[in-house]
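# Breakdown of the fold
Each chain is listed here by its residues.
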Amino acid sequence: MTLIISVTTPEGIVMASDSRQSQRNVKQITRISTNSAYKLFPLNDRIVVGIAGLAFFADENGMQRNVSKYIKDFVKNNDLSSLTVKEVSEKLNSFFNVQYPWKKQLEQSTKQLEVDAQREGAEVLSIETFSDFVSFKIKQANGRIEEGQLNIEPINILISGYNLDGNSETYELKSPGDISLKRPAGQYGSTWVGQGDVVSRLILGYDSKILNMPMLQKLRQTTPEEEIVNQLHGVEYNIQWGLMTLQDAVDLAVFLIKTTSMIQRYADGVNMDIGEIQGVGGPVDVAVITPEEGVTWLEKKKVYYPEDF
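First, a word on what this report is: a plain description of the structure on this page. (Residues numbered from 1 in each chain as written. Predicted model: local features only at pLDDT ≥ 70, side-chain atom pairs only at ≥ 80, totals over all residues. Heavy atoms only, no water.)

### A word on the environment of Glu169
Mapped onto the elements of the fold, Glu169 is located in strand β13 (residues 168–175). Residue class for Glu169 comes out buried when judged on its relative accessible area of 15%. When the C-alpha positions of Glu169 and Val284 are compared, they lie 23 Å apart, and in sequence the two are 115 residues distant. Residues contacting Glu169, with those up to four places away along its chain left out, are Val85, Lys86, Ile159, Ser160, Gly161, Asn163, Leu181, Arg183 and Ala185. A polar atom in the side chain of Glu169 sits 3.2 Å from the side chain of Asn163. (Helix = DSSP H or I, 4+ residues; strand = E, 2+ residues; numbered from the N terminus. Buried < 20%, exposed > 50% of the residue type's maximum accessible area, 1.4 Å probe, protein only. Contact = heavy atoms within 4.5 Å. Polar contact = N/O pair within 3.5 Å; in protein donor to acceptor, adjacent residues only side chain to side chain.)

Printed below as a string of structure tokens:
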């Protein structure tokens with residue numbers, strides 16, 4: 001999975017990421033593949049992008065490539081030096097929406113579902129394809145009816161940086177999908193993508209799973225979800241983001257990533273949704289962006305010889 005965190009302060013922007021990468025093998029089992037993946041990339045001297053979600057997908061020749069390779073191709077083949085954060089975000093989102101063959105991925109997942117069902121002696125009762133997911137109904141060998149859906153594994157992207165006029169912005173991108181402005185000019189605070197449930201609990205006081213509780217599901221029948229969320233904001237910590245120094249922002253971003261990794265070490269999801277991959281781990285990379293100095297790396301992994309072998 002991943003955790004990317006952006007913290008915007010009056011002094012500058014902090015971008016931080018973990019280094020763990022996971023993948024599904026041929027048996028569709030998710031496993032940790034590395035703790036040394038790069039997830040933060042400068043797009044120019046004042047804008048940084050962080051990548052979460054899907055880590056690999058095939059190019060037009062059928063070769064599996066790391067998402068980081070696509071980012072490097074994007075930077076190499078586009079002049080981004082004079083573009084605004086929004087223009088870069090729109091350009092990158094269009095790039096991934098073209099490069100990522102998510103329809104083909106969905107077709108392959110459907111075929112794999114049929115193969116697995118046949119191998120296990122189950123009967124596929126129905127498969128219905130929608131715009132971005134597939135709904136299925138299977139009769140297991142023991143007679144039990146199983147219903148579910150196959151969803152596209154998205155690429156989640158967080159872009160933070162400064163425009164040439166000195167104003168900062170943060171955008172979230174999803175492929176397939178659109179871009180959304182998360183932190184406009186003059187607004188300070190933190191934004192995150194990836195496995196952000198622990199961060200949400202620490203900052204907001206709750207994570208999105210709370211909306212799945214039967215009590216709140218019943219409430220949503222008579223009360224708009226927006227109103228419920230607005231009331232939940234009452235338990236959010238009152239952090240004075242506009243008074244935060246750059247060092248404080250670095251401390252907070254690193255703390256949130258390391259705390260997420262530690263909680264995942266002991267917790268296997270939550271009681272209402274048990275079972276979750278330990279997707280956040282490894283070294284924490286940190287980049288700082290300021291209007292005066294642009295992008296500076298405070299911490300970035302390096303390839304080294306392992307002396308302790």
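### Re the environment of Thr2
The residue Thr2 is located in the segment before β1 (3–8) in this model. Not counting chain neighbours up to four residues away, the residues in contact with Thr2 comprise Asp18, Arg20, Lys39, Ile51, Ala52, Val193, Gly194, Gln195, Gly279 and Val280. Of the polar contacts made by the side chain of Thr2, one reaches the side chain of Lys39; its length is 2.7 Å.

### Observations regarding the packing of helix α1 (residues 67–77) against helix α2 (residues 85–99)
Closest axis-to-axis distance for the α1/α2 pair is 11 Å, and the angle between their directions is 125°. Considering their axes alone, α1 and α2 lie oblique with respect to each other. Considering only the axes of α1 and α2, their crossing is right-handed. Residue-level contacts link Val67, Tyr70, Ile71 and Phe74 of α1 to Val88, Lys91, Leu92, Phe95, Phe96 and Gln99 of α2. When its residues are assigned to classes, the contact of α1 with α2 shows eight nonpolar, one polar and one charged. (Axes fitted to C-alpha atoms, helices over the stretch in contact; angles between N-to-C directions. Parallel < 35°, antiparallel > 145°, perpendicular 65-115°, else oblique. Left-handed = near helix turned anticlockwise from the far one by under 90°. Nonpolar A, V, L, I, M, F, W, Y, C, P; charged D, E, K, R; others polar.)

### What about the sheet that holds strand β18 (residues 285–290)?
A sheet is described by the order of its strands in space; here five strands give the open sequence β15-β1-β2-β18-β19, paired in antiparallel fashion. Here the strands that pair on one side only, and so sit at the sheet edges, are β15 (189–194) and β19 (294–299). Strand-to-strand, the axes of this sheet are offset by a mean angle of 15°, without reference to chain direction. Taken together, the five bridges between strand β2 (residues 13–17) and β18 define a ladder with antiparallel strand orientation. The partner of Ala16 across the bridge, within β18, is Val286. (Pairing = 2+ DSSP bridges.)

### Considering the pairing of β13
Most of β13 is tucked away, with seven of its eight residues classed as buried. Inspection of the sheet shows strand β12 (residues 155–162) paired to β13 by eight bridges, in the antiparallel sense. Opposite Gly161, over in β13, you have Glu169 as the bridge partner. Counting the residues that bridge the hairpin from β12 to β13 gives five residues, and of these Gly166 lies at a positive phi of roughly 90°. The sheet contact formed by β13 and strand β14 (residues 179–183) spans four bridges and is antiparallel. Bridging across to β14, Thr170 finds its partner in Arg183. Taken together, β13 and the strand that follows it, β14, pair antiparallel across an intervening segment of three residues, in which Gly177 is found at a positive phi of about 150°.

### With respect to the nonpolar core
Judged by nonpolar contacts, the single largest core of 34 residues is most densely connected at Leu43, Val49, Leu92, Phe96, Ile157 and Ile159. If you list the elements that add at least two residues to this core, you get β6 (47–53), α1, α2, α3 (102–119), β10 (133–139), β12 and β13. Per-element tally for this core: the top contributor is α2, with five residues. Excluding its chain neighbours within four sequence positions, the residues that come into contact with Ile157 are Val49, Gly50, Ile51, Leu92, Phe96, Tyr171, Glu172 and Leu173. By size, the runner-up hydrophobic cluster in this structure holds 27 residues, among which are Val14, Val199, Met244 and Ala249. (Core = buried A, V, L, I, M, F, W, Y, C linked by side-chain atoms within 4.5 Å.)

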